[in-house]
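Close look at the chain arrangement
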Amino acid sequence: MIWWTASSLADDGDFMEEFLKREYSLVKPYRGLGFSSSSQWDLMGTAMVTPDHVRLTPDLQSRQGAVWSRIPLLLQDWELRVQFKVHGQGKKNLNGDGLAIWLTRDRMKNGPVFGNMNHFSGLGIFVDTYPNDDKTHDRTFPYISVMLGNGTLSYDHDRDGRSTELGGCTAMARNSVYDNFFLVRYSKNQLTLMVDVDGKQEWRECADITGVRLPTGYFLGASSATGDLSDNHDIISMKLYELTVERTPQEAEEGEVVTIPRVDNMEQFQVEVEEEGMSGVQLFFTLLFTVVGLVVLGVVGLIVYGRWKENKRKRFY
């Protein structure tokens with residue numbers, strides 16, 4: 001493989017250094033993974049460890065599996081390199097559903113988004129292998145995409161996440177004879193996604209998003225799910241590098257504490273941002289109090305009307 005070297009140039013020409021952070025990395029022989037108190041990673045659902053990979057889901061229907069770091073990521077600038085494998089017996093477009101890499105506030109949550117919860121807060125990188133929206137032919141699957149959740153955005157599974165996608169590309173990674181990699185780099189509020197799935201041993205840009213605001217203290221994870229269709233979804237390695245990036249005094253002063261993930265000028269991506277609505281309980285009590293209020297007003301109105309009518313009758317006699 002041709003990786004960026006330990007000292008390299010960012011896209012804007014800034015000099016940076018990178019250092020592997022083993023406490024955030026998942027590599028063979030996977031010693032820091034398990035259920036003991038000293039483990040740095042937790043397994044969930046159908047996920048299992050083998051000498052060669054962490055299998056999130058086997059090639060069986062209706063399975064969910066995940067692996068999550070126990071240590072919150074506190075780095076400001078970082079780079080994550082993931083080696084993965086998706087393979088199975090199903091023919092093209094008769095397989096599913098894919099896998100996801102996460103950096104989120106919540107961990108160890110089952111759900112409908114590639115085995116993780118919906119309405120998540122943080123970053124999701126999705127390797128989607130099945131086209132649910134078969135009426136739209138604007139992309140070829142497998143497809144890798146980026147989503148930034150703020151706790152209220154919903155991933156639309158039926159539309160393959162189109163309404164909340166910030167960027168993505170086709171990556172023919174299923175049943176590939178080559179090693180499959182993708183890379184996520186976050187530095188100076190810029191998120192870059194690159195892939196290497198065609199055996200050329202070089203990175204191809206998949207998405208480049210500016211103005212990304214990610215909080216620190218979120219958790220790395222990987223998850224997968226199968227439904228009526230299935231595949232083996234394997235994580236071979238997740239290597240997290242700290243980036244040492246030069247910043248001007250002005251950039252250092254302008255640094256902000258981010259509490260909710262967001263993207264500057266969100267409308268440029270045509271993302272449908274959902275306003276935070278009422279929960280089911282809140283809606284129930286709102287309707288209940290509204291109905292009670294209307295009943296009380298109706299009763300009071302009837303009493304007042306009855307007394308008015310009675311007084312009118314007395315005056316008449």
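Before reading further, recall that the structure is shown in the block above.
Scope of this entry: the structure provided in the associated data block. These numbers come from a predicted model, not from an experiment. (Residues numbered from 1 in each chain as written. Predicted model: local features only at pLDDT ≥ 70, side-chain atom pairs only at ≥ 80, totals over all residues. Heavy atoms only, no water.)

Quick look at the packing of aromatic side chains
In total, this model carries 8 aromatic pairs according to the counting rule given. Pairing Trp102 with Phe120 gives two aromatic rings, centres 4.9 Å apart and planes at 75°, and the pair type is edge-to-face. Of the two residues, Trp102 is situated in strand E8 (residues 98–104) and Phe120 in the loop between E8 and strand E9 (121–128); the sequence distance between them amounts to 18 residues. A network of ring pairs unites the aromatic residues Trp102, Phe114, Phe120, Phe126 and Tyr155 as a single cluster. Over the ring of Tyr241 we find Arg81; its NZ or CZ atom is 4.1 Å from the centre of that ring. (Phe/Tyr/Trp six-rings, centres within 6.5 Å; stacked < 30°, edge-to-face > 60°. Helix = DSSP H or I, 4+ residues; strand = E, 2+ residues; numbered from the N terminus. Lys NZ or Arg CZ within 6 Å of the ring centre and 35° of its normal.)

Considerations on unusual backbone geometry
Here Gly96 and Asp97 are connected by a cis peptide whose omega angle stands at 0°. For the bond from Phe141 to Pro142, the omega torsion is 5°, close enough to zero to count as cis. For Pro142, the position within the fold is in the loop between E9 and strand E10 (143–150). Its identity is not glycine, yet His119 carries a phi of approximately 55°, on the positive side. Mapped onto the elements, His119 comes out in the loop between E8 and E9. Although it is not a glycine, Asn175 sits at a positive phi angle of roughly 50°. Considering the arrangement of structural elements, one finds Asn175 in the loop between strand E11 (167–170) and strand E12 (180–187). Its relative accessible area of 40% is what places Asn175 among the partly exposed residues. (Buried < 20%, exposed > 50% of the residue type's maximum accessible area, 1.4 Å probe, protein only.)

Re the pattern of salt bridges
Evaluation of the coordinates by the stated rule reveals 17 salt bridges. When the shortest N-O distance is used, the salt bridge between Glu165 and Arg139 registers 3.0 Å. Highlighted residues: Glu165 in the loop between E10 and E11 and Arg139 in the loop between E9 and E10, separated in sequence by 26 residues. Given the relative accessible area of 17%, Arg139 is considered buried. Between Arg262 and Asp264 there is a salt bridge; the shortest N-O distance is 4.0 Å. Note on Asp264: relative accessible area 23%, which makes it partly exposed. When salt bridges with common partners are traced through the structure, they connect Arg213, Glu256, Arg262 and Asp264 into a single cluster. (Salt bridge = Lys/Arg side-chain N within 4 Å of Asp/Glu carboxyl O.)

The quantities given are spatial measurements derived from coordinates; they are silent on function.
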